[in-house]
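# Architecture and fold: a report
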Amino acid sequence: MGSRPELHLRVEIRDNPLVAAVTGRERELAICSGFLDAASERFAVLVLAGEAGVGKTTVWRETTRIAESRGFRVLTCRPAQAEATFSLSAVADLLDRVPDAVEALHEPQRRALEVALFRAEPGETPLDQRAVATAVRELFTGLASERPVVVAIDDVQWLDTASAAILQFVLRRLVTERVALVVARRLAEPAHLRIDDLVPPERLTRITIGPLSLGALHQLLKQRLERPLPRSALIRVHKTSAGNPLFALEIGRLLTERGIPAVGEPLPVPADIGAVVLERVGQLPAATREVLLVAAMLAEPRTDLVSAALGRAIEDDLGPAERDEIATCEGDRIRFAHPLFAEAIVSTAPASERRRTHRRLADVVEGLEERVRHRALAAERPDEATAAVVHAAARDAIFRGAPRAAAELLELALRLGEPGAAREALRLLELAECLHAVGETDRTLELLEGSAWVHWPPELCARAVALLGDVLSYTAPPAAAIETLDAMLRQPLPAQARAAVHTLLSYHRSMDFDPSRAAQEAEAALALLEPLGEDADPGIHARALSMRLRSRVFLGQGLDRTIVDRVLRLEARLPPGRRQLDRPSAGFGFWFKHVDDLDASRSWLTRELEALGDEPRQRDALEHLAVTECWAGNLELARAHARSALELSEPGSVSELRATSALALVEAYLGSVDDVRALSRCLPSMWSLPQVEIRFGAALGLVYLSLGDQAAADDHLRTCLAAAEQLGWREPGVLRIHADAAEAAVAVGDLERAAEIAGFLERHGERTGHRWSRATGARVSALLLAARGDLEHALATVERALEVHEGLPMPLELGRTLLVKGRIERRTRLRSRAKQSFEQAAEIFDRIGARLWAERARDELERVGLRRATAGELTTNERRVAELAARGLTNREVAAALFLSPKTVEANLARAYRKLGVRSRAELGARRAELLQT
């Protein structure tokens, strides 16, 4: 790489008087150049790490310069320590250079960014951070479609938490896009942006910027000092500074000013770089330090803001800092030569001076959040008026989709506010809710356990209980959560708080596989809430109703749409600040699919996926969407959803196992036998989770059933069904294994067990109206009748099953029922009808990609044994594919024309060849006229 023409041994940093030539970094710049080569083709990340003052920013700057020279679009931000608490300050800096791209976004995304960045007022509901993150991702992707993009962040350890959360969301979802992230960070400094957790190792380039060699240091000092140092002094400087260029340069300046000590005498320098910087700063005039203090405490250190805060012109006062290369003015911005200088300025200022500066800044800064932060930090003692203003700003941050910033503001409000008042309880509660919203469950739990929430006002007490229960669902297994909640009921809680506890017990008992007790707890909660009428907290009431709904679904009683409507009306009554955090209707998408309403499930889950602001909930939505689309026959989409859920899961976690089991189900539908077996073996130690064990067993059972290995299918499915019954789940639509288990039982001759399952399905279907239970129950009954030799009634029963299928959007189930119908018709010597049933089944299986079932349908078709097919006997798909192929189109062109996959075209064409008795496209072309006549 070192021979590339764009690399130079000494490259001048343009437009930066604080940095001279890039000296001694040839190796690092060669790696950076190679990184940019790769980044021009796909997503990649470069991390430049090193100690303070070692030259990370120099390499970072040169990398961005090289990128611009090669045609990259470069978006930069250089967060300072003062900015670390201001929400989305880094994102705002990155997007400042592309206002046209922001304007070009679709309206919802553009609106989200404008609200988040204080360019528009928020609406009546809190802005979801996911909407902002999605907008940033779309913006990066759109820019990268035009030319490669470099997102460059210096001092990433000062990145604000909201910007870090947005970038983490984006980084997880970049794969082939031509977007490169280039960051510089200090070693041993914690950073909010967890790059190692987000980026695959093959996409990550890491460079540790080490000390300069003696020769490189000599070149640096020769360039930057008024006169060169003798070699003996240079060696001592290199040793004392440990090759750190900033430290060495400061020592060199001192030696130039004071003279070089005699041999054997110590160098007149402090022991570390921090002390050197403090000494340099301490030599500045007081007026200059005052200017620099204001600049260091500003999120955006513009000269006009500094001047306004001090009430005077600052050019003359800034001069000494520029001459000493401590800070400079770039346009209208004051930039420190190194963040250490800003830190030294702030740390050496007395507390009284810092508070005075905060008071000054509170009067001149523009943003509400920055203004109230300065006002809060200026306070010397508790001040309820200031606390109220900060509290209002926290709520504004929630509405702008920045719960982390809101949490920080609430902590300030708590520090400043009056203790013991009801408003303190409200602030504590809202702080806990914000912490929970950003996934800090440990801190949420610590805050609640340290609060006397039992003595809070009743409505706040009830909300605290509900929040505590939510936290327990993330941090404790169901049995432990139940024990904690039962203990709460022994305390003198207000009625709504007791109702909240019963609601939480309903949830955790359902997770402990006790739906009957879960239903009892939900009814106990509603018995306390419903007498209160409009006075009941709408969030707690909605949760209790949703648990009643959930319990009834799992008990096989169907899904009551009137409860859905009541929950939505209650949620609409919630204050805007709670509506996003306290929304039990988010679970409805999970449950609609259990009662055959796949369209509603898809609609709810997709809406949740677009609106949710945290990855655990997004992962859950994706997992359930995978199952919904699988049952709906959209198998490739289902596979994509399952894989996305898997990518968002922590390795070795329950969520990973759930996502893996969803993927196993999809692969079973697709007929990927080896994949299902591999997935089922991937986490054997976790198989103590019964619902997941059932999912894996059901996937294996379906695979063996589709392979025709009836004994293996029966072994798995019989075990799964028994386990499901032990869980108390009486809704067959939760797992949809009953029909498979019954079919396997018929195949192995256990007709009594199959009849019991069929009876259960048909009774359930009649009671609830669920079409899947009715259709598959009738299909199994037809199999039973056929097994007993009653073919006439078997045919009538399977015809009845097909009538029910008309309102059921589950194509695999329809195809399997057609397969059963065709077998019965063949046995009754209705061979033409059997052939038609098998062809319809095969076409369905081919269309959705269920390979093994399609092969079984074709095998059955061969067994019908009718004369050789003509073009008129081809299926619709086979005829359309054959006609286009006869015209000379390639398989890929046929696929594009008919909106099919190339594999489906290949399979249809192979069957058409076999039916028509041809071996090539030429022979097929000879029969084109016959094809066109049909």
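To start, this report covers the structure provided alongside it. (Residues numbered from 1 in each chain as written. Predicted model: local features only at pLDDT ≥ 70, side-chain atom pairs only at ≥ 80, totals over all residues. Heavy atoms only, no water.)

### Examining the overall build of the chain
If you tally the helices and strands in the chain, you get 49 helices and seven strands. Buried positions account for 57% of the 934 residues belonging to the chain. In the chain, the share of contacts with a sequence separation of at least 24, taken over all contacts with a separation of at least 6, comes to 68%. As presented, the chain carries roughly 38,500 Å² of accessible surface, and 50% of it is formed by carbon and sulfur atoms. (Helix = DSSP H or I, 4+ residues; strand = E, 2+ residues; numbered from the N terminus. Buried < 20%, exposed > 50% of the residue type's maximum accessible area, 1.4 Å probe, protein only. Contact = heavy atoms within 4.5 Å. Areas by Shrake-Rupley, 256 points an atom, 1.4 Å probe, with all protein chains shown as cover.)

### Points about helix α19 (residues 384–399)
Here α19 spans 23 Å end to end across 16 residues, near enough to the 22 Å set by a 1.5 Å rise per residue. Measuring from the backbone nitrogen of Ala385 back to the side-chain oxygen at the start of α19 gives 3.2 Å, which picks out Asp383 as the cap. Once α19 ends, the next one or two residues include Gly401, with phi positive near 80°. (Expected span 1.5 Å × (residues − 1). Polar contact = N/O pair within 3.5 Å; in protein donor to acceptor, adjacent residues only side chain to side chain.)

### Let's talk about the nonpolar core
Trp453, Trp456 and Phe845 are the most contacted members of the largest nonpolar core, which totals 161 residues. Ranked by the residues each element gives to this core, the list is headed by helix α36 (residues 690–707), at 10 residues. Formed by 47 residues, the second largest nonpolar core is a distinct cluster that contains Val91, Ile153, Leu174 and Leu193. (Core = buried A, V, L, I, M, F, W, Y, C linked by side-chain atoms within 4.5 Å.)

### Focus: unusual backbone geometry
Of note in this structure, Phe513 is not a glycine but carries a positive phi near 65°. Looking at where Phe513 falls in the secondary structure, it is placed in the loop between α25 (495–511) and α26 (515–529).

### Points about the pattern of salt bridges
One pass over the structure, following the stated rule, counts 63 salt bridges. Sharing partners across several salt bridges, the network here consists of Lys835, Glu839, Asp846, Arg858, Glu878, Arg911 and Lys915. (Salt bridge = Lys/Arg side-chain N within 4 Å of Asp/Glu carboxyl O.)

### Notes on the pairing of strand β7 (residues 333–336)
Side chains Ile334 and Phe336 of β7 all project onto a buried face; the interleaved residues Arg333 and Arg335 project onto a face where none is buried. Remark: two residues form the turn of the hairpin made by strand β6 (residues 327–330) and β7, two consecutive strands paired antiparallel; Gly331 in that turn has positive phi of roughly 65°. (Pairing = 2+ DSSP bridges.)

### Looking at the sheet that holds strand β4 (residues 179–186)
Pairing is parallel across the open sheet formed by five strands, whose spatial order is β2-β3-β4-β1-β5. Both edges of this open sheet fall to β2 (73–77) and β5 (204–208), since each of them pairs with a single strand only. Along the sheet, successive strands turn relative to each other by an average axial angle of 15°, direction set aside. Each of β1 (44–50), β2, β3 (149–153) and β4 is contacted by helix α2 (residues 56–69), which is oriented at about 165° to β4, the strand it contacts most. (Axes fitted to C-alpha atoms, helices over the stretch in contact; angles between N-to-C directions.)

### Here we look at the pairing of β6
With four bridges joining them, β6 and β7 adopt antiparallel strand pairing. Pairing of Cys329 across the sheet is with Ile334, part of β7.

### Considering the packing of helix α17 (residues 351–362) against helix α18 (residues 368–378)
In contact at an axis separation of 8 Å, α17 and α18 are set at 150° when each is read in the N-to-C sense. By the angle between their directions, the pair α17 and α18 is classed as roughly antiparallel. Crossing angle aside, the handedness with which α17 passes α18 is left-handed. Contact residues: Arg355, His358, Arg359, Leu361 and Ala362 in α17; Arg371, His374, Arg375, Leu377 and Ala378 in α18. Across the contact of α17 with α18, the residue classes break down as four nonpolar, two polar and four charged. (Parallel < 35°, antiparallel > 145°, perpendicular 65-115°, else oblique. Left-handed = near helix turned anticlockwise from the far one by under 90°. Nonpolar A, V, L, I, M, F, W, Y, C, P; charged D, E, K, R; others polar.)

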